[in-house]
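Read off the chains here:
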Amino acid sequence: MTEVKANMAGNVWKVLVNEGDSIDSSQDVVILESMKMEIPIAAEVSGTVKELKVKEEDFVNEGDVIAIIE
Amino acid sequence: MFTKILIANRGEIASRVIRTCHNLNIKTVAIYSEADFEAPFVKEADESFLIGGPKVNESYLNVDEIVKVAKDTGAEAVHPGYGLLSENTDFAKRLEAEGIVFIGPDSGAINKMGSKLTARQTMENAGVPIIPGTNEPVESVEVARKIANDIGYPIMVKASHGGGGIGMQIVQDGTELEKAFESNSRRAEQFFGNGTMFIEKVIEDAHHVEIQILADQYGNTVHLFERECSIQRRHQKIIEEAPSPLLSESTRQHMGDAAIKAAKAIHYKNAGTIEFLVDESQNFYFLEMNTRLQVEHPVTEQITGIDLVEEQLKIAYGEKLSFSQKDLTINGHAIEARIYAEDPKTFFPSPGQITAFNPPIGTNIRHDVGVNSDYKVTPYYDPMIAKLIAYGETRSEAINYLIDALIDYEVEGIKTNIPFLIDVAKSKAFNEGDTRTSFIQEFMIKQ
């Protein structure tokens, strides 16, 4: 089980996966948006999306868990 | 002079405009979003109005609401600051139609320079040197590839309506081209509502040097010398200075003349900036024109003694320029460092609650600030929270004042780029004036 974490504080602009999806390590889970910059957050491990901790428009801090991949 | 104006902006630039208005006894009206409730400019203005939610399209880009506040408060003119609506043709037109003065050029001039492609054509016709490239939209990747092969890599793919570093990318080869062309076009479409692309040759080892101009409504146009703005990350400026450590006196004069020619070609009025790329042999090429006040305008103010906001107000009111080119001289050297709420290593944004904000007090420094010790930096706007300007008789004196002030600059609660600014200011390359646009990239590799 791996936690996908936010590497910067910002708003969740787009959620690109659903719970239950099989995803590849290079696949982006969400795109964060902050101060006119968009940062895609990749899964970094392959597996199934067990839980999505955020939804679009949510604010996340650096280090917050975005999703759990199994 | 105007008795009351509205400021259609936020942060440090709103405070900056208010400062000059106070000096001139002009009443100020601020507009603000829900996210800026606690911002210093809201309290500094004579009147302040909440006009919408934190997202810019709900508030700072909400033209109907801004016009309504201007009319309700009896504001005679609107200062747009930079960014947001400052280069928006429709906003300028709307104010013209409502009988409210837009403190800037007329909508026609904004429109001509708003498209980088039209600007290239206009400048070429005016006899201003432009970067080799296309003067027509590049419709497809296939066409782009053919042009790139003709010009030779590396090339720059650019969105005609892009800005703030968005919609442009250096491309080294044909493989990169396909991805870069499409993704930048898409981003430009998304951000600026227009995905038109064109191609320019990359000027290697270039310096970014821009000329400040002022033009009144009677055809009097002067330049206020150059600013060197080559220290950039993600095509956004971080450190700017005046004068440029690169230019010879002869190049300075030629660039000033070219900038005046450029402004006159579009019957420009008010403050504006012509950006150029300058190569090591001091050849210069038109890059774009910014039809507004620039973020880095304070360095010009420090070396010329001219208050650019005051001149903007006077010109907009219909006054004649009170000085001519021969009255203007360069006195000393000024450097501006932009303080960004961001990680000093990755440059990723770092919004959050500020718990302490104490800019140093001292001689030979100026602060243009948008926050205070209670301010919460939100993710909705630009990461720039303040500007530090240091000045001295010489460049090395200005650098020393800058370093001292940066070391004493206290910001707590959020991450800032201050440690990075100190490293740059102390570096050998910066101190030698070796400030090319590739500076940060090369600097990071060395670190």
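Basis of the calculations
Residues numbered from 1 in each chain as written. Chains lettered and ligands numbered in written order. Predicted model: local features only at pLDDT ≥ 70, side-chain atom pairs only at ≥ 80, totals over all residues. Helix = DSSP H or I, 4+ residues; strand = E, 2+ residues; numbered from the N terminus. Rg over C-alpha atoms; globule rule 2.2 N^0.38 Å. Buried ≥ 20, exposed ≤ 12 C-beta atoms within 10 Å, placed from the backbone. Contact = placed C-beta atoms within 7 Å. Expected span 1.5 Å × (residues − 1). Nonpolar A, V, L, I, M, F, W, Y, C, P; charged D, E, K, R; others polar. Core = buried A, V, L, I, M, F, W, Y, C linked by C-beta atoms within 7 Å. Pairing = 2+ DSSP bridges. pLDDT = per-residue confidence, 0-100. Axes fitted to C-alpha atoms, helices over the stretch in contact; angles between N-to-C directions.

## Structural notes on the overall build of chain A
- A tally of helices and strands in chain A yields zero helices and eight strands.
- From first element to last, N terminus to C terminus, chain A shows the α and β order β-β-β-β-β-β-β-β.
- Here chain A has a C-alpha radius of gyration of 11 Å; the compact-globule value for 70 residues is 11 Å, and the two agree.
- In terms of overall dimensions, chain A has C-alpha extents of about 30 × 20 × 15 Å along its principal axes.
- When burial is assessed residue by residue, chain A has 31% of its 70 residues classed as buried.
- Intrachain contacts of chain A at a sequence separation of at least 6 include 55% that bridge at least 24 residues.

## Quick notes on helix H5 (residues 107–114) of chain B
Residues and elements named next belong to chain B.
- Where burial is concerned, most of H5 is hidden: six out of the eight residues are buried.
- Buried within H5 are the following residues: Ser 107, Ala 109, Ile 110, Lys 112, Met 113 and Gly 114.
- For H5, the elements touching its buried residues are helix H4 (89–98), helix H6 (116–125), strand E6 (155–163) and strand E13 (284–290).

## Observations concerning helix H8 (residues 174–192) of chain B
All names here are of chain B.
- For H8, spanning 19 residues, the distance from its first C-alpha to its last is 26 Å, which sits close to the expected 27 Å at 1.5 Å a residue.
- Taken together, the buried positions of H8 are occupied by Leu 177, Ala 180, Phe 181, Asn 184, Ser 185 and Ala 188.
- Contacts made by the buried residues of H8 are with helix H7 (141–151), E6, strand E7 (166–171) and strand E8 (197–201).
- The first or second residue beyond H8 is Gly 193, which carries a positive phi of 70°.

## Focus on the interface of chain A and chain B
- Contacts between chain A and chain B engage ten residues on the former and ten residues on the latter.
- Of all the secondary structure elements, the ones that give two or more residues to the side of chain A that touches chain B are strand E2 (10–15) and strand E5 (37–42) of chain A.
- Class assignment of the residues belonging to the side of chain A that touches chain B gives a composition of five nonpolar, four polar and one charged.

## Some remarks on the nonpolar core
- One finds Leu 6, Ile 7, Val 78, Phe 276, Leu 388 and Ala 390 of chain B to be the most contacted residues of the largest nonpolar core, which totals 130 residues.
- The residues contacting Leu 388 of chain B, other than those within four sequence positions of it, are Ala 337, Ile 339, Ile 365, His 367, Ala 405, Leu 406 and Tyr 409 of chain B.
- Val 4, Ala 43, Val 49 and Ala 67 of chain A belong to the second largest nonpolar core, which has 17 residues in total.

## A few points about the pairing of E2 of chain A
All names here are of chain A.
- The pairing of E2 with strand E7 (residues 59–60) spans two bridges and is classified as antiparallel. Pairing of Gly 10 across the sheet is with Val 60, part of E7.
- Bridge count for E2 against strand E4 (residues 28–34) is four bridges, and the pairing is antiparallel. Paired with Val 12 across the bridge in E4 is Leu 32.

## As for the confidence of the model for chain B
- Here chain B averages 95 in pLDDT, while 100% of its residues score no lower than 70.
- The complex model carries a pTM of 0.92, and its ipTM stands at 0.78.

## Some words on the sheet that holds strand E11 (residues 236–242) of chain B
All names here are of chain B.
- Spatially, eight strands are ordered E13-E12-E9-E10-E11-E14-E19-E17 in an open sheet, and the strand pairing comes out antiparallel. Taken across any chain shown, the strands that pair with only one partner, and hence form the sheet edges, are E13 and strand E17 (365–369). Strand-to-strand twist in this sheet, taken as the mean axis angle between neighbours without regard to direction, amounts to 25°.
- In this structure, E17 lies alongside strand E19 (residues 384–392), joined through five bridges in antiparallel fashion.

## Focus on the sheet that holds strand E4 (residues 77–79) of chain B
All names here are of chain B.
- Taken in spatial order, the five strands line up as E3-E2-E1-E4-E5 in an open sheet, and their pairing is parallel. Of all the strands in the sheet, the pair left with one neighbour each is strand E3 (47–52) and strand E5 (101–102).
- With two bridges joining them, E4 and E5 adopt parallel strand pairing. Counted as the bridge partner of Val 78 is Phe 102 from E5.
- Its contacts with the sheet place helix H3 (residues 63–73) against strand E1 (4–7), strand E2 (27–33), E3 and E4, and it is angled at close to 155° to E3.

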